[in-house]
Amino acid sequence: MSRYITPKVDVKELIFVSEEESEIKCGKCNKPMFFTIYYKEKETYDFLVCQGCEIYMQRIILDDD
């Protein structure tokens, strides 16, 4: 299971890989958000991003207990 949180990493330090428009709308401006992937030091980071509001939500994977 996954959920989105305030980023634990600084997005400005990551390398952009790809993005894809989602069906999820921004709660602030109501425009479509983007699933975006970044890379740094052999790790990938997934974000849900509103480009207009510059809102970044980092996806984290939760262990199912």
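Residues numbered from 1 in each chain as written. Predicted model: local features only at pLDDT ≥ 70, side-chain atom pairs only at ≥ 80, totals over all residues. Heavy atoms only, no water.

**Q** Help me understand the pattern of salt bridges, please; the structure alone is not making it clear to me.
**A** Pairing is possible between side chains that carry opposite charge, provided their charged atoms lie close to one another. According to the stated counting rule, one finds 2 salt bridges in the structure shown. E13 is paired through a salt bridge with K40; the nearest N and O atoms lie 3.2 Å apart. Within this pair, whereas E13 is found in the loop between β1 (2-5) and β2 (15-25), its partner K40 is found in strand β3 (residues 32-40), the two being separated by 27 residues in sequence. The residue D46 makes a salt bridge to R59 at a minimum N-O spacing of 2.3 Å. Note that D46 is positioned in strand β4 (residues 43-50) and R59 in strand β5 (residues 55-61), a separation of 13 residues in sequence. Overall, D46 belongs to the partly exposed group, its relative accessible area being 21%. Owing to a relative accessible area of 31%, R59 belongs among the partly exposed residues under this scheme. (Salt bridge = Lys/Arg side-chain N within 4 Å of Asp/Glu carboxyl O. Helix = DSSP H or I, 4+ residues; strand = E, 2+ residues; numbered from the N terminus. Buried < 20%, exposed > 50% of the residue type's maximum accessible area, 1.4 Å probe, protein only.)

**Q** Teacher, can you tell me more about the environment of N30 here?
**A** Its location among the elements puts N30 in the loop between β2 and β3. The spatial distance from the C-alpha of N30 to the C-alpha of G52 is 10.0 Å, given a sequence separation of 22 residues.

**Q** Help me understand the sheet that holds β5, please; the structure alone is not making it clear to me.
**A** In a beta sheet, neighbouring strands pair by backbone hydrogen bonds and run either parallel or antiparallel. Taken together, the 5 strands give an open sheet; going across it, the order is β1-β5-β4-β3-β2, and neighbouring strands pair in antiparallel fashion. Looking at which strands have only one partner, the edges of the open sheet turn out to be β1 and β2. For this sheet, the mean inter-axis angle between neighbouring strands, taken without regard to orientation, is 30°. In this sheet, β5 lies alongside β4 in antiparallel orientation, the contact comprising 4 bridges. (Pairing = 2+ DSSP bridges. Axes fitted to C-alpha atoms, helices over the stretch in contact; angles between N-to-C directions.)

**Q** What's the story with unusual backbone geometry in this structure? I'm lost.
**A** Where the residue is not glycine, phi is negative for most of them; where a peptide bond is considered, it is trans in most cases. Residues other than glycine seldom take positive phi values, yet E41 does so here, at roughly 50°. Classification of E41 by relative accessible area gives exposed; the value is 65%. For K42, which is not glycine, the phi torsion reads 65° and is therefore positive. Assignment of secondary structure puts K42 in the loop between β3 and β4. A residue is classified by how much of its surface remains accessible, and K42, at 75% relative accessible area, is exposed.

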